[in-house]
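# What the coordinates show
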Amino acid sequence: MLYSEKVMDHFMNPRNVGVIENPDGVGEVGNAKCGDIMKIYIKVDNDIISDVKFQTFGCGSAIASSSMATELIKGKPVSQALELTNKAVAEALDGLPDYKLHCSVLAEEAIKAAIEDYQKKQ
Ligand code: FES
């Protein structure tokens, strides 16, 4: 099996899909090679990521990575969310094929971009 059960689960049944109205930060990133785009919205209360949602126009691994990444930062301090690496996302998914690792990089980048947007507004 090319993909782990966790990847399939988060692809078929992604968590935190959608939009946050009046978000505290938004990050949008894309990969020029595959053309996939990921957008992450965050709500921050007392320095905690109180809510996070995503929209991903992309491959299954990108959707699974966004879903897992949002789960990993939800309820966490902003400083901890900033430290989330694509490796941690891929590990939490029980691995991604090598040529699909860039999909998890999008998730890391989108979260960083959303937090930077939030910090800029402070
Ligand atoms: Fe582009 Fe997965 S193939 S993000």
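Everything in this summary refers to the structure shown in the same document.

### So, the pattern of salt bridges
Per the stated rule, a full pass over the model turns up 7 salt bridges. Ionic pairing is found between Arg15 and Asp9, a salt bridge with its closest N-O pair at 2.8 Å. Accessibility expressed as a relative area gives 23% for Arg15, which makes it partly exposed. Accessibility expressed as a relative area gives 33% for Asp9, which makes it partly exposed. A salt bridge links Glu28 to Lys39, with the shortest nitrogen-to-oxygen separation between them at 3.8 Å. In this pair, Glu28 is assigned in strand 1 (residues 25-30) and Lys39 in strand 2 (residues 37-45), connecting sequence segments 11 residues apart.

### Remarks on the side chain of Ser66
Relative to the assigned elements, Ser66 resides in helix 2 (residues 60-73). Setting aside residues no more than four positions away along its own chain, Ser66 makes contact with Met38, Phe54, Thr56 and Ala107.

### Focus: the sheet that holds strand 3 (residues 48-57)
If you trace the 3 strands from one edge of the open sheet to the other, you get 1-2-3, paired in antiparallel fashion. Looking at the sheet topology across the chains shown, the edges are occupied by strand 1 and strand 3. For this sheet, the mean inter-axis angle between neighbouring strands, taken without regard to orientation, is 15°. In terms of strand pairing, strand 1 meets strand 2 through 6 bridges, oriented antiparallel. Residue Val29 lies in a different strand from strand 2, and its bridge partner there is Met38. Sheet strands touched by helix 5 (residues 101-120): strand 1 and strand 2. Its angle to strand 1, the strand with the most contacts, is close to 145°.

### What to know about the pairing of strand 3
Pairing of strand 2 with strand 3 involves 9 bridges; the strand directions are antiparallel. Looking at strand 3, one finds that Tyr41 is bridged to Lys53. Counting the residues between successive antiparallel strands, the hairpin from strand 2 to strand 3 contains 2 residues, one of them, Asn46, with a positive phi of roughly 50°.

### Topic: the environment of Tyr118
One can find Tyr118 in helix 5. The spacing of Tyr118 and Asp24 is 94 residues in sequence and 5.5 Å in space, taken between C-alpha atoms.

### Concerning the nonpolar core
Judged by nonpolar contacts, the single largest core of 31 residues is most densely connected at Met38, Ile40, Ile42, Ile49, Ile73 and Ile111. No other element matches the 8 residues that helix 5 contributes to this core. Those residues in contact with Met38 that lie beyond four places of it in its chain are Gly27, Glu28, Val29, Gln55, Thr56, Ala62, Ser66, Cys103, Leu106, Ala107 and Ala110.

Calculation rules
- Residues numbered from 1 in each chain as written.
- Predicted model: local features only at pLDDT ≥ 70, side-chain atom pairs only at ≥ 80, totals over all residues.
- Heavy atoms only, no water.
- Salt bridge = Lys/Arg side-chain N within 4 Å of Asp/Glu carboxyl O.
- Buried < 20%, exposed > 50% of the residue type's maximum accessible area, 1.4 Å probe, protein only.
- Helix = DSSP H or I, 4+ residues; strand = E, 2+ residues; numbered from the N terminus.
- Contact = heavy atoms within 4.5 Å.
- Pairing = 2+ DSSP bridges.
- Axes fitted to C-alpha atoms, helices over the stretch in contact; angles between N-to-C directions.
- Core = buried A, V, L, I, M, F, W, Y, C linked by side-chain atoms within 4.5 Å.

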